[in-house]
Amino acid sequence: MNIYMVRHTAVEVPQGTCYGQTNVPLRETFSEEAEIVKKNLENIDFDLIYSSPLSRCRKLAKYCGYGNVVKYHDCLKELHMGDWEMHMWDDLDMTVWKDDWVNNPAPNGESFAQMYNRVALFFDKLKERDTDNVLIFAHGGVISCARVYFGEADIKQTFDLMPQYGEVVVFQC
């Protein structure tokens, strides 16, 4: 099985904003960025197509022509940042993350380990399917979890391996 994961296009929020699961607008360059993604996918026949239900992924899936066939799955949402959502990273009290950002959640949010577990559950179920090519529109954090799941990275490396906006990352299982 080939799993093609696409990170949504660039968002229109101030640099350094923690936006997690908040539905945020996309940059005015969306059409140009989305066209590149669409061309990167155009010669591949996908058996299954999934997406995070957050608007930035939904819009990209629709632009690429999959709006009528995509299945939205909550396990593909970005990390829930709780009270930190839409605040500047530099203004946050990161004490809770200082010792163990993997296991300690943001206040009223979820930990990276919790997000990894829901993403891993999604892939566990997906691997039960008899299919060749799967397309997933998701977020940087979810794709980083996939890298851990498929043995390409250690969980503590995830922030260092964040995919670019609009990047397509392929996994095989």
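Described below are features of the structure shown in this document. Bear in mind the structure is a predicted one, so any value in this text is a computation, not a measurement.

**Some points on the packing of helix α1 (residues 30-41) against helix α2 (residues 55-63)**
Argument step 1. Where α1 contacts α2, the axes come no closer than 9 Å and their chain directions differ by 60 degrees. Between α1 and α2, the angle falls in the class oblique. Remark: the crossing between α1 and α2 carries right-handed chirality. Of the residues in α2, those touching α1 at Phe30, Ser31, Ala34, Glu35, Val37 and Lys38 are Lys59, Leu60 and Tyr63.
Argument step 2. In the contact of α1 with α2, the residues fall into 5 nonpolar, 1 polar and 3 charged.

**Considering the side chain of Glu110**
Argument step 1. Mapping Glu110 onto the fold places it in the loop between α3 (95-98) and α4 (112-126).
Argument step 2. Using a relative accessible area of 12% as the deciding quantity, one classes Glu110 as buried.
Argument step 3. Looking at Glu110, its side chain comes within polar contact range of the side chain of Arg118, at 2.5 Å.
Argument step 4. Residue contacts for Glu110: discarding those within four places in its chain leaves Gln21, Glu78, Leu79, His80, Pro105, Met115 and Arg118.

**Structural notes on the side chain of Arg118**
Argument step 1. Along the chain, Arg118 turns up in helix α4.
Argument step 2. In this structure Arg118 touches Gln21, Asp74, Cys75, Leu76, Lys77, Glu78, Leu79, His80 and Glu110, once residues within four positions along its chain are discounted.

**Thoughts on the sheet that holds strand β6 (residues 133-138)**
Argument step 1. Taken in spatial order, the 5 strands of this open sheet run β4-β3-β6-β1-β7, and their pairing is mixed. Bordering the open sheet on either side are β4 (71-72) and β7 (168-172), each of which pairs with just one other strand.
Argument step 2. Note that strand β1 (residues 2-7) and β7 share 5 bridges and pair antiparallel. Bridging across to β7, Ile3 finds its partner in Phe171.
Argument step 3. Against the sheet, α4 touches β1, β3 (48-51) and β6, its axis set at about 160 degrees to β6.

**Overview of the pairing of β6**
Argument step 1. Extensive coverage of β6 is indicated by the burial of 6 of its 6 residues.
Argument step 2. Of the two faces of β6, the one carrying Asn133, Leu135 and Phe137 and the one carrying Val134, Ile136 and Ala138 are both buried.
Argument step 3. Bridge analysis of β1 against β6 gives 6 bridges, and the strand direction is parallel. For Ile3, the partnering residue across the bridge sits in β6 and is Val134.
Argument step 4. Taken together, the 4 bridges between β3 and β6 define a ladder with parallel strand orientation. Paired with Ser51 across the two strands is Phe137, which belongs to β6.

**Examining a negative patch on the surface**
Argument step 1. A cluster of acidic residues, Asp45, Asp47, Asp130 and Asp132, forms a negative patch at the surface.
Argument step 2. Position of Asp45 among the secondary structure elements: in the loop between α1 and β3.

**Remarks on α1**
Argument step 1. The end-to-end C-alpha distance of α1 is 16 Å, a good match for the 16 Å that 12 residues give at a rise of 1.5 Å each.
Argument step 2. Every buried residue of α1 is listed here: Phe30, Glu33, Ala34, Val37 and Leu41. Seen from one end, α1 has its buried residues packed into an arc of 95 degrees, which puts them on one side. Opposite the buried face of α1, at more than 90 degrees from it, the exposed residues are Glu32 and Ile36.

Reading the values: rules and limits
- Residues numbered from 1 in each chain as written.
- Predicted model: local features only at pLDDT ≥ 70, side-chain atom pairs only at ≥ 80, totals over all residues.
- Heavy atoms only, no water.
- Axes fitted to C-alpha atoms, helices over the stretch in contact; angles between N-to-C directions.
- Helix = DSSP H or I, 4+ residues; strand = E, 2+ residues; numbered from the N terminus.
- Parallel < 35°, antiparallel > 145°, perpendicular 65-115°, else oblique.
- Left-handed = near helix turned anticlockwise from the far one by under 90°.
- Contact = heavy atoms within 4.5 Å.
- Nonpolar A, V, L, I, M, F, W, Y, C, P; charged D, E, K, R; others polar.
- Buried < 20%, exposed > 50% of the residue type's maximum accessible area, 1.4 Å probe, protein only.
- Polar contact = N/O pair within 3.5 Å; in protein donor to acceptor, adjacent residues only side chain to side chain.
- Pairing = 2+ DSSP bridges.
- Patch = residues over 30% accessible without salt bridge, like charges linked within 9 Å, V, L, I, M, F, W, Y side chains within 5 Å.
- Areas by Shrake-Rupley, 256 points an atom, 1.4 Å probe, with all protein chains shown as cover.
- Salt bridge = Lys/Arg side-chain N within 4 Å of Asp/Glu carboxyl O.
- Lys, Arg positive; Asp, Glu negative; His and termini not counted.
- Charge placed at Lys NZ, Arg CZ, Asp CG, Glu CD.
- Expected span 1.5 Å × (residues − 1).
- Arc of directions from axis to C-beta.

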